[in-house]
Structure formats: structure tokens, C-alpha cells
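Residue strings, one per chain:
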Amino acid sequence: MATCSICGKRAVTGNQVSHSNIKTKRTWVPNLQRVKLLVNGTPRRAYVCTRCLRSGKVQRAI
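Caption draft 1: Representation of the overall build of the protein in the model. Looking only at helices and strands, the protein has one helix and four strands in total. Compactness check: the protein gives a C-alpha radius of gyration of 16 Å against a globular reference of 11 Å for 62 residues, more than 25% above the reference. Along the first, second and third principal axes, the C-alpha atoms of the protein reach 55 × 20 × 15 Å. Put simply, the protein has 62 residues, and 19% of those count as buried. The contacts in the protein between residues at least 6 apart in sequence include a share of 28% that link residues at least 24 apart. Accessible area of the protein: about 5,000 Å², with a carbon and sulfur share of 48%.

Caption draft 2: Inspection of a positive patch on the surface at higher detail. Side chains of Lys9, Arg51, Arg54 and Lys57 sit close together on the surface and give a patch of like positive charge. With respect to the helices, strands and loops of the structure, Arg54 is situated in helix α1 (residues 50–55). We classify Arg54 as exposed; its relative accessible area is 69%.

Caption draft 3: Expanded view of the state of the cysteines. One pass over the structure, following the stated rule, counts zero disulfides. Here Cys4 is not disulfide-linked; the sulfur of Cys7 is the nearest cysteine sulfur, at 3.6 Å. Of all cysteine sulfurs, the one in Cys52 lies closest to Cys49, which takes part in no disulfide; the gap is 3.5 Å. With a relative accessible area of 2%, Cys49 lands in the buried category.

Caption draft 4: Inspection of the environment of Asn21 at higher detail. Looking at the element boundaries, Asn21 is found in the loop between β1 (12–17) and β2 (23–28). Judged by relative accessible area, which is 48%, Asn21 ranks as partly exposed. Between the C-alpha atoms of Asn21 and Tyr47, which are 26 residues apart in sequence, the distance is 36 Å.

Caption draft 5: Molecular detail of the pairing of strand β3 (residues 32–39). The sheet contact formed by β3 and strand β4 (residues 42–49) spans eight bridges and is antiparallel. Looking across to β4, one finds that Leu37 is bridged to Arg44. From the end of β3 to the start of β4, which pair antiparallel, there are two residues, and Asn40 there has a positive phi angle of about 55°.

What counts, and at which threshold
- Residues numbered from 1 in each chain as written.
- Predicted model: local features only at pLDDT ≥ 70, side-chain atom pairs only at ≥ 80, totals over all residues.
- Heavy atoms only, no water.
- Helix = DSSP H or I, 4+ residues; strand = E, 2+ residues; numbered from the N terminus.
- Rg over C-alpha atoms; globule rule 2.2 N^0.38 Å.
- Buried < 20%, exposed > 50% of the residue type's maximum accessible area, 1.4 Å probe, protein only.
- Contact = heavy atoms within 4.5 Å.
- Areas by Shrake-Rupley, 256 points an atom, 1.4 Å probe, with all protein chains shown as cover.
- Patch = residues over 30% accessible without salt bridge, like charges linked within 9 Å, V, L, I, M, F, W, Y side chains within 5 Å.
- Salt bridge = Lys/Arg side-chain N within 4 Å of Asp/Glu carboxyl O.
- Lys, Arg positive; Asp, Glu negative; His and termini not counted.
- Charge placed at Lys NZ, Arg CZ, Asp CG, Glu CD.
- Disulfide = S-S within 2.5 Å.
- Pairing = 2+ DSSP bridges.

Structure (C-alpha cells):
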């Protein structure tokens, strides 16, 4: 699975618990986007979560 290159966020697993208390495995996947970033002045593609994009932690290359 892909990981956010800024904050390190990745998919986590756990149990989905129904109303009758039946447990089944499920995953929570972050909203990762493949964007072009400026890293040390050079454009580079990386996976970044939308929270990092929205908060301004990333300088996007246009």
C-alpha cells in the first residue's frame, strides 16, 4: 500500500463490529493523491494525503 510521503499515514486494519457484535476484518485507507511536488527546487511525484495538501504542508509544482 502507498504511504503519505509527508506525514507517513498509511492503511490500518481492524474489526468492523456489527449491531449483533459480529466481527469482520476491514481496512481504513487514507485519501492519497499522486501529486507533483517541489523537493529542493526540483519537481518530483509523490503520494500525499489530502490533509497534508489542504493544510499547506506541501509546495505543489505546477
